[in-house]
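Breakdown of the fold
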Amino acid sequence: QVQLVESGGGLVQAGDSLRLSCAASGRTFSNYAMAWLRQAPGKEREFVGGIDWSGSRTNYADSVKGRFTVSRDNNKNTVYLQMNGLKPEDTAVYYCAADRTRWGRPNEAGYDYWGQGTQVTVSS
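These figures come from a predicted structure and were not determined experimentally. (Residues numbered from 1 in each chain as written. Predicted model: local features only at pLDDT ≥ 70, side-chain atom pairs only at ≥ 80, totals over all residues. Heavy atoms only, no water.)

**Comments concerning the packing of aromatic side chains**
The tally for this structure, following the rule as stated, stands at 3 aromatic pairs. Ring centres of Tyr32 and Tyr113 lie 5.9 Å apart, and the angle between their planes is 70 degrees; this geometry places the pair in the edge-to-face category. One end of the pair, Tyr32, is in the loop between β3 (18-26) and β4 (33-39); the other, Tyr113, is in strand β10 (residues 113-114), and 81 residues separate them in sequence. By the burial criterion, Tyr32 is buried, and Tyr113 matches it. With centroids separated by 6.3 Å and ring planes inclined at 85 degrees, the aromatic side chains of Tyr95 and Trp114 adopt a geometry described as edge-to-face. Of this pair, Tyr95 sits in strand β9 (residues 92-99) while Trp114 sits in strand β10; the two residues are 19 residues apart in sequence, bridging distant segments of the chain. Look at Tyr95 and you get buried, because its relative accessible area is 14%. Following the ring pairs from residue to residue traces out a cluster consisting of Tyr95, Tyr111 and Trp114. Just above the ring of Trp114 sits the side chain of Arg45; from NZ or CZ to the centre is 3.9 Å. The aromatic ring of Phe29 is capped on one face by Arg72, whose charged end is 4.3 Å from the ring centroid. (Phe/Tyr/Trp six-rings, centres within 6.5 Å; stacked < 30°, edge-to-face > 60°. Helix = DSSP H or I, 4+ residues; strand = E, 2+ residues; numbered from the N terminus. Buried < 20%, exposed > 50% of the residue type's maximum accessible area, 1.4 Å probe, protein only. Lys NZ or Arg CZ within 6 Å of the ring centre and 35° of its normal.)

Here's what the structure looks like:
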């Protein structure tokens, strides 16, 4: 079992930056590829960005590429999402998820563990 707890969400203005954190506990963190997904009101949950087990490879949704960065610190059992140049359309609940077998999984099906989510609201 892996427990994931996100933090760092909040209300910001368009153009601002925010860094989300996801702290993991339980099983060995480095055994899991990690990802961030988000769900806006009335929409399905969508992939934002993923990182492999060691942190050497990342991938991103086109909508956030160049603005968001996923990183991880296996010594701290934490994965991060640095969000720059935020836009109102980035408003959503952001979730971190753990995947033992595949990194950068583009859809929500198949992730092994999920956090409870953290709200990010970007005002125009």
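After that view, the rundown keeps rolling.
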